[in-house]
Structure formats: structure tokens, C-alpha cells
Number of protein chains: 2
Amino acid sequence: MKKSFGAKTLIYPTPVWLIGTYDKSGKPNVATIAWGGICSSKPPCASVSLREATYTHGNIMERKAFTINVPSSAQVEIADYCGIVSGRNVDKFQAAKITAVKSDKVDAPYINEFPMIMECKLVNHVETGIHTHFIGEIIDVQVDEIMLGEDGSPDFLKINPILYGPEIQSYFDVGKYLGKAFSIGKKINK
Amino acid sequence: MKKSFGAKTLIYPTPVWLIGTYDKSGKPNVATIAWGGICSSKPPCASVSLREATYTHGNIMERKAFTINVPSSAQVEIADYCGIVSGRNVDKFQAAKITAVKSDKVDAPYINEFPMIMECKLVNHVETGIHTHFIGEIIDVQVDEIMLGEDGSPDFLKINPILYGPEIQSYFDVGKYLGKAFSIGKKINK
């Protein structure tokens, strides 16, 4: 039996990503979001949603760029903090003891202490309810060398990104490897 | 030191969701995606990206509705299978031994055996590179009663949704509870 919960943003999992931007004067900011994802493979694009009232919304409109910063589960307090306070009132980098580094390829800062960074250039934005849905073309991805596996790829279990449960407002980390995509399902055809 | 990986859809984590649709003749189909997320809180909206060549793309355009079906990690082979084959050639429900149930509120089927279902009505679509980014208004969420926690909310650890690592093409499950959102970050201000 299924229970109906009505019209809610209730689906598991969503990511926990911090959006890095500069304001008009060049001051860096980061804001935590769970409304985002990949939205195209070619050119590679990612989307993130922000309310117009946020500081980051204005910064993306102004600078046409943002970074997506993936925290490791050990950084969950920093991730949560950067979703509670506004960059209008606080220097989140100073308060959370994290470092803003200017991206090489886009006009936005990234968080040096975070293991995985994506640099995006704004290509479109779509008004969707109370949020603006920003679509950014992915220009580069950077990953800490200590987070790479033996094959040279970013190791999911080392990075151990944070998962978010909407409505229940809870964070979780990653468990175990389940298998290879486009492969383990082939058993069903046999 | 960070290593640059270039312009890639390389970010952790993405979800593993199955998109349920009817075709013109009323035949149900499901397709597995990892390009999707929540994109607005009010009205609640979710977005999913599909290439125009897919069967599901045509179905959403035709029926203006889709469901998002969240598999549990034990269903990872079914999830992977439904991303490998096309509904044009195969009845995935029959092959994967899953059941299509007509949604109460939208013109799309859901997977009865999956623990968490979201019913969406198409409200917008945006061409983004090789993908069409479909934006659906969330009309209802349904969750198996055995997947609810003591407080009546969907239990993240019981549902145990699947995570996907793009580029490394690997699946993972959920680990442990890390803490409460909008709460554990408050320590930083003190």
C-alpha cells in the first residue's frame, strides 16, 4: 500500500552543493543548494535553482558564472552553515574557515578545501515558480588529487558526497558500491 | 592540488530515477535517468532531461505528464536494465517483472514495486544541448507504507535510493545519517 503525501518536493536523493559566485564588487560568496543536477551531456550543462531574493541569484545574473562545489561528508557542518546565513550579512568564507580561489576559466570563486569543483558559465535561465532555474555550461571540473582512485578517476567513496532528504531536512553519506552502469542490468535479458 | 578533468558531466552524486510514461496508444514505458532534480519549491517542480531520440521524450511531449520512480538499492539491476534497452523494442515491465499502475492524478504510469513515486504534469520544456529539459509540476508523491519511519515520514535509510557517479558509470547506495539540516551548521556561528 502506498500513502499519498500530496504536492511536495519530496524525493530522494537530492545533492548538497555549494554555489560559488562573486558579487558586483568582487566579494566572493557561497550558498548551499539541493535543487540542482546535470541537464545536458553535450555541451555538458548543469542546472541550479535559486530564489530571486538570494544574494547568489543577483551575483549569477551580474557575473553570468558560478561554481558548483561538492562537500565531503566530513564538511557537512560547513555545508549546512552556508545554507543558513546570507552572504549579504556575513563573510561565509571567514566564518567557516574556507578559502575562496578565483576559477581559471569562469568569473566565479571555488572553495579550495572542497574535493570536487565544477566551473560553469551561465547560458540560460528559466523562471519556475518561486525559483529561477539557472542553466550553466560546464567549462571545467577539478578534483583534489588525493581523491582520485587507482584508475585516475574521482573516487566516489573517498569524496563521499552528502545526500539530502527534502521535507525530512536530513543529511546522509554514501554507503557501498553496487555495480557498474550499463552492465549489471544485462542479467535481466538472459 | 586539484587535477583538471575538462568540460565533463562529472559531479557527485546524481540520482537514479525511472521516468514512467504512456505512449500515444496507451502502452506504458519506463526509462532510467540520472539527469534530473527538484527545480522549484512553490509550486513544487521537478526537472528531468531526455534526448529527443528516446521513446520517453515523445511520450512526454504527447501526454504532457510523467512519473519519477525511485528504486531501492535492491532494485539496481532493474534500474540499470531500464536504461539499457528501448521501450520501442521491448516491454520493459514484462522483462523486468515490474507492474505499471495508472497514476491517480496524471496521465502516466508508475512502478508499483518501487518505494517512492512522484506524479508530474509537464509545465515547460527547455532545449539544452542534445537534451530536452522537461519541467514538471509535482502533483502528488506516494510512498510505500512499509518505507515510512516512526514519525510517518518516508525513511531515507529504508528506501535506500541509488546514487550514480557520472563518467565512472557506477552505482552506490546510502550510508549513514549525518545530521539535521538548518541545524548542525549553527555550531559555526558560536
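Just above sits the structure.
Residues numbered from 1 in each chain as written. Chains lettered and ligands numbered in written order. Predicted model: local features only at pLDDT ≥ 70, side-chain atom pairs only at ≥ 80, totals over all residues. Heavy atoms only, no water.

Peer 1: Explain the overall build of chain A here, please?
Peer 2: Across its full length, chain A holds four helices and 13 strands. Since a compact globule built from 190 residues should have a radius of gyration of about 16 Å, the 17 Å found for chain A is in line with a globular shape. Each of the 190 residues in chain A was classed as buried or not, and the buried ones make up 60%. Contacts in chain A between residues far apart in sequence, at least 24 positions, make up 59% of those at least 6 positions apart. For chain A, the accessible surface area stands at approximately 7300 Å², while carbon and sulfur atoms represent 50% of it. Here chain A holds 21 positive side-chain charges and 20 negative ones, and the gap between their average locations is 8 Å. (Helix = DSSP H or I, 4+ residues; strand = E, 2+ residues; numbered from the N terminus. Rg over C-alpha atoms; globule rule 2.2 N^0.38 Å. Buried < 20%, exposed > 50% of the residue type's maximum accessible area, 1.4 Å probe, protein only. Contact = heavy atoms within 4.5 Å. Areas by Shrake-Rupley, 256 points an atom, 1.4 Å probe, with all protein chains shown as cover. Lys, Arg positive; Asp, Glu negative; His and termini not counted. Charge placed at Lys NZ, Arg CZ, Asp CG, Glu CD.)

Peer 1: What am I meant to see in the environment of Asp80(B) here?
Peer 2: Mapped onto the fold, Asp80(B) is located in helix H2 (residues 76-84). Taking the relative accessible area as the measure of exposure, Asp80(B) reaches 1% and is therefore buried. Along the chain, Asp80(B) and Val16(B) lie 64 residues apart, while their C-alpha atoms are 9.0 Å from each other. Leaving out residues up to four positions away in the same chain, Asp80(B) has contacts with Lys180(A), Ala181(A), Phe182(A), Ser183(A), Ile184(A), Gly185(A) and Tyr171(B). Of note is the side chain of Asp80(B), whose polar atom sits 2.9 Å from the backbone nitrogen of Ser183(A). A polar atom in the side chain of Asp80(B) sits 2.6 Å from the side chain of Tyr171(B). (Polar contact = N/O pair within 3.5 Å; in protein donor to acceptor, adjacent residues only side chain to side chain.)

Peer 1: What is the right way to look at the nonpolar core in this model?
Peer 2: What tends to happen in soluble globular proteins is that the nonpolar side chains get buried as a cluster. Ranked by size, the top nonpolar core spans 108 residues in total, and within it Ile68(A), Met118(A), Ile68(B) and Met118(B) carry the most contacts. Every residue in contact with Met118(A), bar those within four places of it in the chain, is listed here: Ile38(A), Ala46(A), Phe66(A), Thr67(A), Ile68(A), Ile138(A), Asp140(A), Val141(A), Lys8(B), Thr9(B), Leu10(B) and Ile11(B). Grouped together as the second largest cluster of nonpolar side chains are eight residues, Cys39(A), Cys45(A), Cys39(B) and Val126(B) included. (Core = buried A, V, L, I, M, F, W, Y, C linked by side-chain atoms within 4.5 Å.)

Peer 1: I tried to follow the interface of chain B and chain A on my own but got confused; where do I start?
Peer 2: Accessible area lost when the parts come together is the quantity often used to give the size of an interface. Contacts between the two partners involve 101 residues from chain B, matched on the other side by 101 residues from chain A. Ranking the residues of chain B by area buried against chain A places Lys2(B), Tyr12(B) and Phe156(B) at the top, with a combined share of 10%. For Lys2(A), the salt bridge identified is with Asp144(B), shortest N-O distance 2.9 Å. Our enumeration of links across chain B and chain A arrives at 56 residue pairs in polar contact (both at pLDDT 80 or more). Residue contributions to the side of chain B that touches chain A peak at eleven residues, all from strand E13 (residues 170-180) of chain B. (Buried area = accessible area lost by both parts, 1.4 Å probe. Salt bridge = Lys/Arg side-chain N within 4 Å of Asp/Glu carboxyl O.)

Peer 1: Mind showing me how you'd approach helix H1 (residues 55-63) of chain A here?
Peer 2: Note that an α-helix has 3.6 residues per turn; residues three or four places apart therefore point the same way. Residue and element names in this part refer to chain A. Within the span of H1, buried status applies to Tyr55, Thr56, His57, Asn59 and Ile60. Where the residues of H1 are buried, they touch strand E3 (17-22), strand E4 (28-33), strand E6 (44-51), strand E7 (65-70), strand E10 (116-128) and strand E11 (131-144). Positive backbone phi, approximately 55°, marks Lys64, located one or two places after H1.

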